[in-house]
Amino acid sequence: MNYKKKNYLIEGIRANQIVKKYKTPSYCYSYKRIRENINFFKKNFQKINPLTCFAVKANPNRAILKEIGKLGMGADVVSIGELMKAIKSGIKVNKIVFSGVGKTFKEIEYAINKKILLINAESKSEIITIEKIARSKNRKVNVGIRLNPNIDAKTLKQISTGKKENKFGVSEKNFLNLANYVKSSKNLNLKCLSVHIGSQILEIKPYIKMLNVLDKVIKKANHNFEYIDLGGGFGINYGNNNIKLNLRKYSESIKKFLKGKESKIIFEPGRSIIGNAGALLSKVIYIKEGFKKDFVILDAAMNDLIRPALYNANHRIIPAIKNNSKSKKIYEFVGPICESTDKFSSVKNFQRLKENDIIIICDVGAYGMSLSSNYNLRPKPCEILIKNSKIQIINKRQNLRDLI
Ligand code: LLP
């Protein structure tokens, strides 16, 4: 995914060429980039040999899940829908973990029937529900308990999950009580301690703090956890920072932490696997003169990619074909939706654009399409996967007629 001469290419295919055939807005993913990300992840954590479960919420496209599964990953799911899709995509049930604070009776029953690896419970009521279903089926079900370690992940407050004011996990005191409860149950197997402190984490410090908390809690629980699920959250470079999370250093800290324990580590990365492997291709509908800037009105909007509106997230915007000009005014890239937050970014010194030009919104593979909606009755974009320079439509553009 880069320029060759003046053209932006995705696995050797010109973005402009893709758009000619498949129109805009379109999500386009590079298989090669996904594979590179997975290999990079594996290499960094090689020494601890973890089970890596892709967080399906980041991108639940079936073709993508299939490829990720083929590359050896399991799945972290948070709903019956994600669980069904992971299984349908060929991900082995013994590599699937189920997270979330509000799993319903039906969801838990389905997970138990499918014999997935772990249900990571987040409350006493949930554990009692799991036990009830397990008893009715005369089964012994593997559970994990999610700890809230009360740690600041130093990320956006909207995507921080490990502080005591967050709804996720249970306090240390409740964890220890619940662990005893599970240990004494005939129908539950206490297999895992799980934790996930937040997303888009770029510093290693919060993770190290988390490991220290876990170490203490595990000692107090006096239990040999077969799995320790450390969640996901690995941040990526969206182009506005040069900080890179040092995975190798994290791996070394985990190795130290594992000394004297017989536990296998589970990870649940989402963004770091698929984030930079996706681009949103969009066309300039109009350029409108504003007061101090020009509005570049795109055919992609906040319904297609809500991260800028929701989290003030910054996604780089680049032209599909470079030229050597420079716009005199600031360009504000916006969508056509009737909300002032339907805005992607403001850019100084962008090359001069004209109507019908194609631009690319970068690093949208994670939480892009999965957070899209039909707001303003706009059909969702199509999704394209490029693998070995071949284009595959992996999700058709939604049909307007169906929406109406
Ligand atoms: N495991 C659990 C239990 C999670 O809640 C999450 C993400 C993950 C794993 C994967 O985290 P990742 O490695 O992708 O950071 N919509 C937001 C992100 C929300 C993340 C929610 N949980 C965004 O667009 O930034």
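Residues numbered from 1 in each chain as written. Predicted model: local features only at pLDDT ≥ 70, side-chain atom pairs only at ≥ 80, totals over all residues. Heavy atoms only, no water.

**Observations concerning the sheet that holds strand β6 (residues 74-77)**
Turning to step 1, where the next piece is worked out: On the basis of which strands lie adjacent, the closed barrel formed by eight strands has the order β5-β6-β7-β8-β9-β10-β11-β12 and parallel pairing. Each neighbouring strand pair of the sheet contributes to a mean axis angle of 30 degrees, computed without reference to strand direction.
Turning to step 2, where the next piece is worked out: As defined by bridge partners, strand β8 (residues 118-121) adjoins strand β9 (residues 141-146) across three bridges and the pair is classed as parallel. By the bridge assignment for β9, Ile 119 is matched with Val 143. (Pairing = 2+ DSSP bridges. Helix = DSSP H or I, 4+ residues; strand = E, 2+ residues; numbered from the N terminus. Axes fitted to C-alpha atoms, helices over the stretch in contact; angles between N-to-C directions.)

**Describing the domain arrangement of the protein**
Turning to step 1, where the next piece is worked out: The assigned domain composition of the protein is domain 1 (2-29 + 275-403) and domain 2 (100-267).
Turning to step 2, where the next piece is worked out: Taking the mean C-alpha position of each, domain 1 and domain 2 sit 36 Å from one another.
Turning to step 3, where the next piece is worked out: In this assembly, ten residues from domain 1 lie in contact with nine residues from domain 2.
Turning to step 4, where the next piece is worked out: Overall, the association of domain 1 and domain 2 removes approximately 740 Å² of surface from exposure, summing both partners, and the carbon and sulfur fraction of that is 55%. (Domains from an automatic or database assignment. Contact = heavy atoms within 4.5 Å. Buried area = accessible area lost by both parts, 1.4 Å probe.)

**Here's the deal with the sheet that holds strand β2 (residues 7-10)**
Turning to step 1, where the next piece is worked out: Sheet architecture is open: three strands sit in the order β1-β2-β3, paired in antiparallel fashion. A strand with exactly one partner marks an edge of an open sheet, and here the two such strands are β1 (2-4) and β3 (13-14).
Turning to step 2, where the next piece is worked out: Where β2 and β3 come together, two bridges link them in antiparallel fashion. Paired with Ile 10 across the two strands is Ile 13, which belongs to β3.

**A word on the site of the ligand**
Turning to step 1, where the next piece is worked out: Ser 199, Glu 268, Arg 307, Tyr 311 and Tyr 367 are the nearest of the 20 residues found near the ligand.
Turning to step 2, where the next piece is worked out: Separating an oxygen atom of the ligand from a side-chain N or O atom of Lys 57 is a distance of 3.4 Å.
Turning to step 3, where the next piece is worked out: The contact in question runs from a nitrogen atom of the ligand to an N or O atom on the side chain of Asp 76, over 3.3 Å.
Turning to step 4, where the next piece is worked out: Bound to the protein, the ligand loses 92% of the 590 Å² it would expose on its own. (Near = heavy atom within 4 Å. Polar contact = N/O pair within 3.5 Å; in protein donor to acceptor, adjacent residues only side chain to side chain. Areas by Shrake-Rupley, 256 points an atom, 1.4 Å probe, with all protein chains shown as cover.)

**Brief notes about the packing of aromatic side chains**
Turning to step 1, where the next piece is worked out: For the structure on display, the rule yields 17 aromatic pairs.
Turning to step 2, where the next piece is worked out: Measuring from ring centre to ring centre gives 6.3 Å for Tyr 27 and Tyr 29, while their planes differ by 10 degrees; the resulting arrangement is stacked.
Turning to step 3, where the next piece is worked out: Residue classification places Tyr 27 among the buried positions, given a relative accessible area of 0%.
Turning to step 4, where the next piece is worked out: Relative to Phe 267, the ring of Tyr 250 lies with its centre 6.2 Å away and its plane at 50 degrees, an arrangement referred to as tilted. One end of the pair, Tyr 250, is in helix α9 (residues 247-258); the other, Phe 267, is in strand β12 (residues 264-267), with 17 residues separating them in the sequence. Across the pair, exposure class does not vary: Tyr 250 and Phe 267 are buried alike.
Turning to step 5, where the next piece is worked out: Positioned over the ring face of Phe 98 is Lys 103, at 5.6 Å from the centre of the ring.
Turning to step 6, where the next piece is worked out: Between Lys 261 and the ring centre of Phe 257, over which it is positioned, the NZ or CZ distance is 4.1 Å. (Phe/Tyr/Trp six-rings, centres within 6.5 Å; stacked < 30°, edge-to-face > 60°. Buried < 20%, exposed > 50% of the residue type's maximum accessible area, 1.4 Å probe, protein only. Lys NZ or Arg CZ within 6 Å of the ring centre and 35° of its normal.)

**Topic: unusual backbone geometry**
Glycine aside, residues mostly have negative phi angles, and peptide bonds mostly take the trans form.
Turning to step 1, where the next piece is worked out: Backbone torsion omega between Thr 24 and Pro 25 reads -10 degrees, so that peptide bond is classified as cis.
Turning to step 2, where the next piece is worked out: The residue Pro 25 is located in the loop between α1 (15-22) and β4 (26-30) in this model.
Turning to step 3, where the next piece is worked out: One non-glycine residue, Gln 200, lies in positive phi territory at about 55 degrees.
Turning to step 4, where the next piece is worked out: In this structure, Gln 200 sits in the loop between β10 (188-194) and α8 (205-221).
Turning to step 5, where the next piece is worked out: Residue Asn 349 is not a glycine yet carries a positive backbone phi of 60 degrees.

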